Amino acid sequence: MKEQLDYFRDNIFEAKSVYNGWKMIVYSKWVAYVGQDLAEKYVKIQSYHKDFFYLAERSFLFHWVLLVLHCFDPRKDSFSLRKIARQETELFLKESQNKKIFSNLKIVRDTLLAHRSKAIKKRDIGSMEELDLFFKNIEDFYNKILDNLGKSKVMFQRTDDIKYDIEDLFMNIEGGELARKNKLDGDWSLKGNLNRISNIL
C-alpha cells in the first residue's frame, strides 16, 4: 500500500510542478496578469526561440494533463487511486468543480492525441484560478485518503520551483539578446564550435 500511495504522491507532485511551468509560459504573455509592458517583454523573449517555447508549452500541457488523468483512470485494467479508495474517488470526481475540470482535461487529451494540428484554447481547459483550486482539491483529496488510512499528511512543497527556473531562463535570454545587439559578447565561444549540442542532437 505504501508503494502505491508514494507512486500517486509523486504523480501529483510532478503534475503540479509541470502545471506551474506551463502557467509560466502561457500566462507571462497575458496583460491581465502582468500588465502591458511586461506582457510585451515576455512575448518578445519567447519570440527569440518561438519553436522551443511553442513545443515546451504544448509538451508541458500534455504532460500534466496525462498525469492527472492517470491518477483517476476509470478503466478496470488501470492502476489508479480508485484501486486504493474507490468510494472516496467517485465522490471527489462528482463534485461540480472537479467534474468540470476533469471533463475539460479529457477533451484536451483527446484533442492533443487525435487532432495534433488543432490549437488548444485556454478557455477549453479552465481559468488559472480554477486550475489552481483544482490542484489544491487534489492535494486535499490525497491527504484525506492518507488520513482515512491513519497515515501522516503530505505537504506538496516546492512544486513552484520551476517557476523561478523559467524566470531565470527568460532573464538569461533577454540578457543574451541585449549583449548580442550591443556586441558586448564578442565571438561567443560556442558559436564556432561544430560540436555544440544543437548540432549533435
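For the structure, see preceding data.
Residues numbered from 1 in each chain as written. Predicted model: local features only at pLDDT ≥ 70, side-chain atom pairs only at ≥ 80, totals over all residues. Heavy atoms only, no water.

Enquirer: I tried to follow helix H4 (residues 50–71) on my own but got confused; where do I start?
Expert: Note on helix geometry: an α-helix contains 3.6 residues per turn, so any two residues three or four positions apart are oriented the same way. For H4, with 22 residues, the first-to-last C-alpha span of 32 Å sits near the 32 Å given by 1.5 Å per residue. Those residues of H4 lying buried are Phe53, Ala56, Glu57, Arg58, Leu61, Trp64, Val65, Leu67, Val68, Leu69 and Cys71. (Helix = DSSP H or I, 4+ residues; strand = E, 2+ residues; numbered from the N terminus. Expected span 1.5 Å × (residues − 1). Buried < 20%, exposed > 50% of the residue type's maximum accessible area, 1.4 Å probe, protein only.)

Enquirer: What am I meant to see in empty space enclosed by the protein here?
Expert: Gaps between atoms show up when a probe of the same size as a water molecule is rolled over them. Within the structure shown, the criterion is met by 2 cavities of 30 Å³ or more. As a volume, the largest cavity reaches approximately 40 Å³. Every residue lining the largest cavity is listed: Asp73, Pro74, Arg75, Lys76, Ser78, Ser80, Arg82, Lys83 and Arg86. Classifying every residue of the lining of the largest cavity by side-chain character gives 1 nonpolar, 2 polar and 6 charged. In this model, the second largest cavity occupies a volume close to 30 Å³. Contributing to the lining of the second largest cavity are Ile12, Ala15, Val68, Cys71, Phe72, Phe135 and Ile138. Of all the secondary-structure elements, those providing two or more residues to the lining of the second largest cavity are helix H1 (2–27), H4 and helix H8 (128–148). (1 Å grid on protein atoms, 1.4 Å probe; cavity = no way out; pocket = protein on both sides within 12 Å on 5 of 7 lines; lining within 4 Å. Points joined across faces, edges and corners; volume = space filled by probe spheres on them. Nonpolar A, V, L, I, M, F, W, Y, C, P; charged D, E, K, R; others polar.)

Enquirer: In this structure, what is going on with the side chain of Lys23? I would like to understand it.
Expert: In this fold, Lys23 is placed in helix H1. Of the residues examined, Lys23 reaches a relative accessible area of 12% and is grouped as buried. Those residues within four positions of Lys23 in sequence are excluded, and the remaining contacts are Ser28, Met128 and Asp132. (Contact = heavy atoms within 4.5 Å.)

Enquirer: Where do I start with the packing of aromatic side chains in this structure?
Expert: To describe a pair of aromatic rings, one takes the distance between the centres and the angle between the planes. Under the counting rule described, the total for this entry stands at 23 aromatic pairs. Taking the centre distance of 5.4 Å and the plane angle of 40° together, the rings of Tyr7 and Phe79 count as tilted. Of this pair, Tyr7 sits in helix H1 while Phe79 is found in the loop between H4 and helix H5 (86–94), placing the two residues 72 residues apart along the sequence. Clustering of aromatic rings is evident, with ring pairs tying together Tyr19, Trp22, Tyr27, Trp30, Tyr33, Trp64, Phe72, Phe92, Phe102, Phe134, Phe135 and Phe141. (Phe/Tyr/Trp six-rings, centres within 6.5 Å; stacked < 30°, edge-to-face > 60°.)

Enquirer: What should I look at first to understand the pattern of salt bridges in this one?
Expert: Any two side chains of opposite charge can pair, given that their charged atoms come close. Across all of its chains, the model carries 15 salt bridges by this definition. A salt bridge links Glu174 to Lys41; the nearest nitrogen and oxygen atoms lie 2.8 Å apart. Placement of Glu174 in helix H9 (residues 161–181) and of Lys41 in helix H3 (residues 36–47) is noted, with a sequence separation of 133 residues between them. Asp140 is paired through a salt bridge with Lys136; the nearest N and O atoms lie 2.8 Å apart. (Salt bridge = Lys/Arg side-chain N within 4 Å of Asp/Glu carboxyl O.)

Enquirer: Looking at this structure, I do not really get the nonpolar core. What am I missing?
Expert: In a soluble, globular protein the nonpolar side chains are often hidden away together inside. One finds Trp22, Trp64, Val68, Phe72 and Leu105 to be the most contacted residues of the largest nonpolar core, which totals 39 residues. Listing elements by their share of this core, those giving two or more residues are H1, H4, H5, helix H6 (96–114) and H8. In this structure Val68 touches Ala15, Phe102, Leu105, Phe134, Phe135 and Ile138, once residues within four positions along its chain are discounted. Counting residues in each nonpolar core, the second largest holds 9 residues, with Ile25, Ile45, Phe53 and Ile173 among its members. (Core = buried A, V, L, I, M, F, W, Y, C linked by side-chain atoms within 4.5 Å.)

Enquirer: What am I meant to see in the environment of Ile84 here?
Expert: As for its position among the elements, Ile84 is in the loop between H4 and H5. The sequence separation of Ile84 and Ile145 amounts to 61 residues, and the corresponding C-alpha distance is 8.4 Å. Discounting chain neighbours no more than four positions away, the residues touching Ile84 are Met1, Gln4, Leu5, Phe8, Ile145 and Leu149.

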